[in-house]
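Single-letter residue listing:
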Amino acid sequence: MCDPDDSVRAAGNLYLDSAASEAADPDVIKAMLPYMLQEYANPSSVHAQGKAAAASLRKAKSEIASHLGARAGEVIITSGGTESDNLAIKGIAMGMAGGDASQVSRTDIVISAIEHPAVRESAYWLERHFGFRVREAPVDAGARIDLSRLREMVGARTALVSVMLANNEVGTIQPIREVASIAHSCGAVMHTDAVQAAGLIPISMADLGVDAMSLSGHKFGTPKGIGALLLRSSLPYEALISGGGQEEGLRSGTENVAAAVGMAVALRKSLKSLESRNPLLRDSAHALCEAVNRVVPDAILTGDRKHRLPGHVSLVFPGISGEALLVELDVLGISCSSGSACAVGRTEASPTLLAMGFGTDMAKSSLRMTFRHVLNATEIAAIAGRLRDSVSALTALA
Ligand code: PLP
């Protein structure tokens, strides 16, 4: 199979949208194939082939857990990040409420102001339908959570605290250990959305002290449609998907054994290359920012300078529409994003940038370039050149 990096370069196009989705790793596909072609039995079936599939699933989950500082029994296979976040927020809150929020004292759900919609909308759904109250903790100009404000917000009424490990729009990494300690000091449950961070930075659930964590495979080398929710076994939890009682009754539905096996391989491979790859991705990001700033001096790097994901460059271009810039760049062969892929098509300002203190106009001027392969000098020059041309064209139009 050809190296995806080679084909991208040969075509002259540049894919700079890894935070939205990454190519599936050929080794992952290779590991998955036997579970679709030969060992395809349903892992819940009682015959020998079913038992073999169940054993492979258990092994994959155990490996996933071991890479993330969790226990084998704590991995629930899901369809991806959105589902994992929904199950975490709604399942834990409902579990704590015993199905009736009016009967419990803990009715607050505290999230950061920059959570992905999968978390934010799940929390507000609980507020709309079940009497929970959502509180949003502010972030600073670099999108790091304000720990002192969080401390004031979390208390005896807090059921759940959910703060993402790394932000999808600006790449800022949060001080999750400190956030978890604040949550636990008040007896609240701590969830983190690790969708952007998994496979890119080392993660240990035990070290972070979190009770629940969401992952999505297609961000680190699996095909789309597989993810996991890691959930401490002692947590109160109400299953949201009813059916045959798979995943210890926590998430019914026949498991995708092939993709679970693939996810274990993808995680193993990403973590193996992380130490050598990340400094190079950081160098690429730094060189790209410098090159962009040389040709568009008023472009501003967003997100925290120090605590940020490798291979993540997010900028605002004052006076330029991020969506229009995205379209111009697409024509010139650069695929990137104007913020979160899940919000494409929207014209409103990015809630993340607004929470960071940017005005409405600036919050509509963002561009995100994310990559998992090291950029060479030719590529960096090409990106900067195409950005310069796009910005000039849009400025002339304005
Ligand atoms: N959480 C974060 C932080 C994300 O960036 C995304 C997707 O970009 C999701 C959740 C949703 O994941 P999925 O695309 O697997 O549904």
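Residues numbered from 1 in each chain as written. Predicted model: local features only at pLDDT ≥ 70, side-chain atom pairs only at ≥ 80, totals over all residues. Heavy atoms only, no water.

Draft legend 1. Layout of the overall build of the chain. Within the chain, the regular secondary structure consists of 13 helices and twelve strands. By the compact-globule yardstick of 21 Å for 398 residues, the chain fits well, its C-alpha radius of gyration being 21 Å. Taken over the C-alpha atoms alone, the chain extends approximately 65 × 55 × 35 Å along its principal axes. Burial status across the chain gives 56% buried among its 398 residues. (Helix = DSSP H or I, 4+ residues; strand = E, 2+ residues; numbered from the N terminus. Rg over C-alpha atoms; globule rule 2.2 N^0.38 Å. Buried < 20%, exposed > 50% of the residue type's maximum accessible area, 1.4 Å probe, protein only.)

Draft legend 2. Just the site of the ligand, in detail. Thr 82, Asp 193, Gln 196, Ser 216 and Lys 219 are the nearest of the 14 residues found near the ligand. Side-chain polar atom of Gln 196 to an oxygen atom of the ligand: 2.8 Å apart, as the coordinates give it. In isolation the ligand exposes 390 Å². Once the protein is present, 90% of that is buried. Residue composition of the shell around the ligand, grouped by class: three nonpolar, eight polar and three charged. (Near = heavy atom within 4 Å. Polar contact = N/O pair within 3.5 Å; in protein donor to acceptor, adjacent residues only side chain to side chain. Areas by Shrake-Rupley, 256 points an atom, 1.4 Å probe, with all protein chains shown as cover. Nonpolar A, V, L, I, M, F, W, Y, C, P; charged D, E, K, R; others polar.)

Draft legend 3. A look at the packing of aromatic side chains. Within the structure shown, the criterion is met by one aromatic pair. Measuring from centroid to centroid gives 5.4 Å for Trp 125 and Phe 130, while their planes differ by 55°, and the two rings are tilted. On the basis of relative accessibility, which here comes to 29%, the residue Phe 130 falls in the partly exposed class. Across the ring face of Trp 125, the terminal group of Lys 90 is positioned such that the distance to the ring centre comes to 4.3 Å. (Phe/Tyr/Trp six-rings, centres within 6.5 Å; stacked < 30°, edge-to-face > 60°. Lys NZ or Arg CZ within 6 Å of the ring centre and 35° of its normal.)

Draft legend 4. Just the packing of helix H10 (residues 257-295) against helix H13 (residues 377-397), in detail. Two elements in contact, H10 and H13, have axes whose closest approach is 9 Å; the angle formed by their N-to-C orientations is 35°. As for the relative orientation of H10 and H13, their crossing is right-handed in sense. On H13, the residues that touch Ser 284, Ala 287, Leu 288, Ala 291, Val 292 and Val 295 of H10 are Ile 380, Ile 383, Ala 384, Leu 387 and Arg 388. Split into classes, the residues belonging to the contact of H10 with H13 amount to nine nonpolar, one polar and one charged. (Axes fitted to C-alpha atoms, helices over the stretch in contact; angles between N-to-C directions. Left-handed = near helix turned anticlockwise from the far one by under 90°. Contact = heavy atoms within 4.5 Å.)

Draft legend 5. Geometry of the pairing of strand S2 (residues 75-78). Of the two faces of S2, the one lined by Val 75 and Ile 77 and the one lined by Ile 76 and Thr 78 are each fully buried. Here four bridges tie S2 to strand S8 (residues 227-231), and the two strands are oriented antiparallel to one another. Within the sheet, the bridge partner assigned to Ile 76 lies in S8 and is Leu 229. (Pairing = 2+ DSSP bridges.)

Draft legend 6. Just the pattern of salt bridges, in detail. Applying the stated criterion across every chain yields a total of 13 salt bridges. In this structure, the salt-bridge partner of Arg 368 is Asp 17, at a minimum N-O distance of 3.2 Å. Within this pair, whereas Arg 368 is found in strand S12 (residues 366-370), its partner Asp 17 is found in the loop between strand S1 (14-15) and helix H2 (26-32), the two being separated by 351 residues in sequence. Overall, Arg 368 belongs to the buried group, its relative accessible area being 2%. Note that Lys 61 and Glu 247 form a salt bridge whose closest N and O atoms lie 2.9 Å from each other. With a gap of 186 residues between them, Lys 61 in helix H4 (residues 48-67) and Glu 247 in the loop between S8 and H10 connect regions that are remote in the sequence. Here Glu 247 falls in the buried class, since its relative accessible area comes to 6%. One network of salt bridges, in which partners are shared, links Asp 25, Asp 27, Lys 30 and Lys 269. (Salt bridge = Lys/Arg side-chain N within 4 Å of Asp/Glu carboxyl O.)

Everything listed here is a matter of geometry and, on its own, says nothing about what the molecule does.
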